[in-house]
Amino acid sequence: MGDINDIFSLGREALQGIEQRLGMSRRDYLQFCATLAVTMGLPTGADAAVAKAIESAKRPSVIWLHFQECTGCTESLLRAEHPTLEKLILEIISLDYHETLMAAAGHQAEAARKDAMKANKGKYVLVIEGAIPVKENGNYCKIGGHTAIDLLKECAADAAAVIAIGSCASWGGMPSTGPNPSGASSVAEVLGKPVVTIPGCPPNPYNFLATVVHFLTFGKLPEVDKLGRPKFAYSRLIHENCERRAHFDAGRFAMEFGDAGHRQGYCLYKLGCKGPETYANCPTLGFGDAGENNWPVGCGHPCIGCTEKGVGFAKPIHQLATMKSVAPPLQYARIVEEQGKGASFASAAALAALAGAAAGAAVMLTRNLGLSHAAQEAEAAKAGKPQDKARS
Ligand code: FSX
Ligand code: SF4
Ligand code: F3S
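Residues numbered from 1 in each chain as written. Chains lettered and ligands numbered in written order. Predicted model: local features only at pLDDT ≥ 70, side-chain atom pairs only at ≥ 80, totals over all residues.

**Side note on the overall build of the chain**
Here comes step 1: Counting its secondary structure elements, the chain contains 18 helices and nine strands.
Here comes step 2: When the 392 residues of the chain are sorted by exposure, 44% land in the buried category.
Here comes step 3: Across the chain, contacts joining residues at least 24 apart in sequence account for 73% of those joining residues at least 6 apart. (Helix = DSSP H or I, 4+ residues; strand = E, 2+ residues; numbered from the N terminus. Buried ≥ 20, exposed ≤ 12 C-beta atoms within 10 Å, placed from the backbone. Contact = placed C-beta atoms within 7 Å.)

**Examining the nonpolar core**
Here comes step 1: Counting residues in each nonpolar core, the largest one holds 89 residues, and the members touching the most others are Cys33, Ile128 and Leu152.
Here comes step 2: Aside from chain neighbours lying at most four places away, what touches Ile128 is Leu65, Phe67, Leu152, Val162, Ala164, Ile165, Ala169 and Val187. (Core = buried A, V, L, I, M, F, W, Y, C linked by C-beta atoms within 7 Å.)

**Side note on the site of ligand 1**
Here comes step 1: Around ligand 1, 15 residues are found, and the nearest of them are Glu69, Gly72, Gly166, Cys168 and Cys201.
Here comes step 2: Mapped by element, the contributors of at least two residues to the shell around ligand 1 are helix H4 (72-78) and helix H8 (166-171).
Here comes step 3: The biggest single contributor to the shell around ligand 1 is H8, with four residues.
Here comes step 4: For the shell around ligand 1, the residue count by class is seven nonpolar, six polar and two charged. (Near = placed C-beta within 6 Å. Nonpolar A, V, L, I, M, F, W, Y, C, P; charged D, E, K, R; others polar.)

**Remarks on the site of ligand 3**
Here comes step 1: Taken together, the neighbourhood of ligand 3 is formed by 13 residues, with Cys282, Pro296, Cys303, Cys306 and Thr307 sitting nearest.
Here comes step 2: The residue makeup of the shell around ligand 3, split by class, is nine nonpolar, four polar and no charged.

**Let's talk about the sheet that holds strand E7 (residues 161-165)**
Here comes step 1: Strands sit in the order E2-E1-E3-E7-E9 across an open sheet of five strands; the sheet is parallel. The open sheet has two edge strands with one neighbour each: strand E2 (94-98) and strand E9 (196-198). Between one strand and the next, the sheet's axes are offset by a mean angle of 25°, whatever the strand orientation.
Here comes step 2: Here strand E1 (residues 61-66) pairs with E2 via four bridges, running parallel. (Pairing = 2+ DSSP bridges. Axes fitted to C-alpha atoms, helices over the stretch in contact; angles between N-to-C directions.)

**Some thoughts on the confidence of the model for the chain**
Atomic detail in the predicted coordinates should be set aside for any region of low pLDDT.
Here comes step 1: The predicted model of the chain averages 81 in pLDDT, with 77% of residues at 70 or higher.
Here comes step 2: Counting contacts from residues 339-379, a segment whose pLDDT is below 50, to residues more than four positions away or on other chains yields 79 contacts.
Here comes step 3: The low-confidence segment residues 386-392 (pLDDT under 50) makes five contacts with residues lying over four places distant or belonging to another chain. (pLDDT = per-residue confidence, 0-100.)

**Overview of helix H7 (residues 148-157)**
Here comes step 1: By the burial criterion, the buried members of H7 are Ala148, Ile149, Leu151, Leu152 and Cys155. The buried side chains of H7 occupy one side of the element, clustering within an arc of 165° when seen end-on. (Arc of directions from axis to C-beta.)

**Focus on the environment of Ala119**
Here comes step 1: Mapped onto the elements of the fold, Ala119 is located in helix H6 (residues 106-119).
Here comes step 2: On the neighbour-count criterion, Ala119 (11 C-beta atoms within 10 Å) is exposed.
Here comes step 3: A C-alpha to C-alpha distance of 9.3 Å links Ala119 and Ser61, two positions 58 residues apart in sequence.

**Overview of the packing of helix H2 (residues 26-39) against helix H3 (residues 46-56)**
Here comes step 1: Taken N-terminus to C-terminus, the directions of H2 and H3 make an angle of 115°; their axes are 8 Å apart at the nearest point. The way H2 lies across H3 gives a crossing that is right-handed. Side by side, H2 and H3 meet where Leu30, Cys33, Ala34, Leu36 and Ala37 of the first sit next to Ala46, Asp47, Val50, Ala51 and Ile54 of the second. (Left-handed = near helix turned anticlockwise from the far one by under 90°.)

**Quick look at the pairing of E7**
Here comes step 1: Burial of E7 is extensive: four of the five residues sit out of reach of the surface.
Here comes step 2: Where strand E3 (residues 125-129) and E7 come together, five bridges link them in parallel fashion. Opposite Val127, over in E7, you have Ile163 as the bridge partner.
Here comes step 3: Pairing geometry for E7 and E9, over three bridges, is parallel. Bridge pairing in E9 places Ile165 opposite Ile198.

**A word on unusual backbone geometry**
Here comes step 1: With omega at 10°, the peptide bond leading from Gly178 into Pro179 counts as cis.
Here comes step 2: For Pro179, the position within the fold is in the loop between H8 and strand E8 (184-185).
Here comes step 3: Of the consecutive residues Cys201 and Pro202, the connecting peptide bond is found in the cis state with omega at 0°.
Here comes step 4: Its identity as a non-glycine residue notwithstanding, Thr71 has a phi of 70°, on the positive side.
Here comes step 5: Within the secondary structure layout, Thr71 lies in the loop between E1 and H4.
Here comes step 6: For Phe313, which is not glycine, the phi dihedral falls at a positive 60°.
Here comes step 7: Position of Phe313 relative to the elements: it lies in the loop between helix H15 (282-285) and helix H16 (345-355).

**Brief notes about the environment of Gly219**
Here comes step 1: Relative to the helices and strands, Gly219 resides in the loop between helix H10 (205-218) and helix H11 (231-234).
Here comes step 2: Using a count of 10 C-beta atoms within 10 Å as the deciding quantity, one classes Gly219 as exposed.
Here comes step 3: Remark: the alpha-carbon pair of Gly219 and Ala57, spanning 162 residues in sequence, is separated by 9.9 Å.

**A word on the pairing of E3**
Here comes step 1: Burial analysis of E3 places five of its five residues in the buried class, the great majority of the element.
Here comes step 2: In E3, alternate side chains face the same way, and those of Val125, Val127 and Glu129 on one face and Leu126 and Ile128 on the other are all buried.
Here comes step 3: With five bridges joining them, E1 and E3 adopt parallel strand pairing. Among the inter-strand pairings, Ile63 is bridged to a residue of E3, identified as Leu126.

Listed below in structure tokens is the structure:
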């Protein structure tokens, strides 16, 4: 990765072309690229690589199939901003088949899918939304006379990458809730091989966007955990980054919905919050661009663990969570910090400034870095400011 100034090496012409294509200002475009780079946890200068890839790479053909689900994944993408979905669809990916959004119907729609698969054989990205029912030979879900099982296998055979979006496609989700009468199963189970998963009910659209842009920028999908989830988005417990964590540590809990503790924003653990056993970036990224704290716990509802197999739609909502870690939250100052590794606070601040207040992801990186004493001391020394001895 180059320097942050690489962003300016894109050149006036390229940026003007982008302005026309995306219908957004150069500044907004650079903010958008920085947001995605930060969401992916990439180092300083990666925003330039992202910007170049979007500017020059051929739009990947995307075939998007719907099976057992509520279409909430698509809905959440429709609510994405920076840029809006129409720009995203038309300019960053080539959405060649999507049953909810396409104008075609019946045989025309079937033909569009076949044409896109033929024209982009071995190169298209297959996105699956919804679980696949496997009981009764898959007869619970049929499209155009084909079972979801057959459609998935047919479309996956020539795909360059398969992404399971939402908890339903990732591990069965809500349709697989016991006793699971239709045998709702995940994409990986039906294909018999691991795929990239973006769980959440619905998932955060930025996590999907960042995954696709990673594919566009680096020609491969991002690094994933053992459940197929991109590590940039699902490597931290919600409990580590929750704004109510200080209340948890101090033993201040809401005991009932609407009680004094609930109204004062106390921790929701005793109402069944599954943040302590759920990995996702919800508290740092937020949803819907409506500002910070716009996520389930931020709005006063316990996390139900929708991104976590075996938790969401599996454990009773009011059952107490299993504590996975007793690690202090990332906002708390670290005791030891090694200098010169990873992104520095200064580079994160520069990137955050570039991304602007609209980018929740920038907030995430600055938070995730932690403001260690050693790092603060180094910054203060550079600026010639005396350190606050009481805090060191
Ligand atoms: Fe709905 Fe998607 Fe939930 Fe499932 O999201 S929001 S039921 S994860 O497949 O449409
Ligand atoms: Fe936040 Fe839930 Fe953890 Fe409480 S239990 S700090 S509400 S994630
Ligand atoms: Fe889901 Fe919990 Fe996030 S319910 S959206 S994982 S806060």
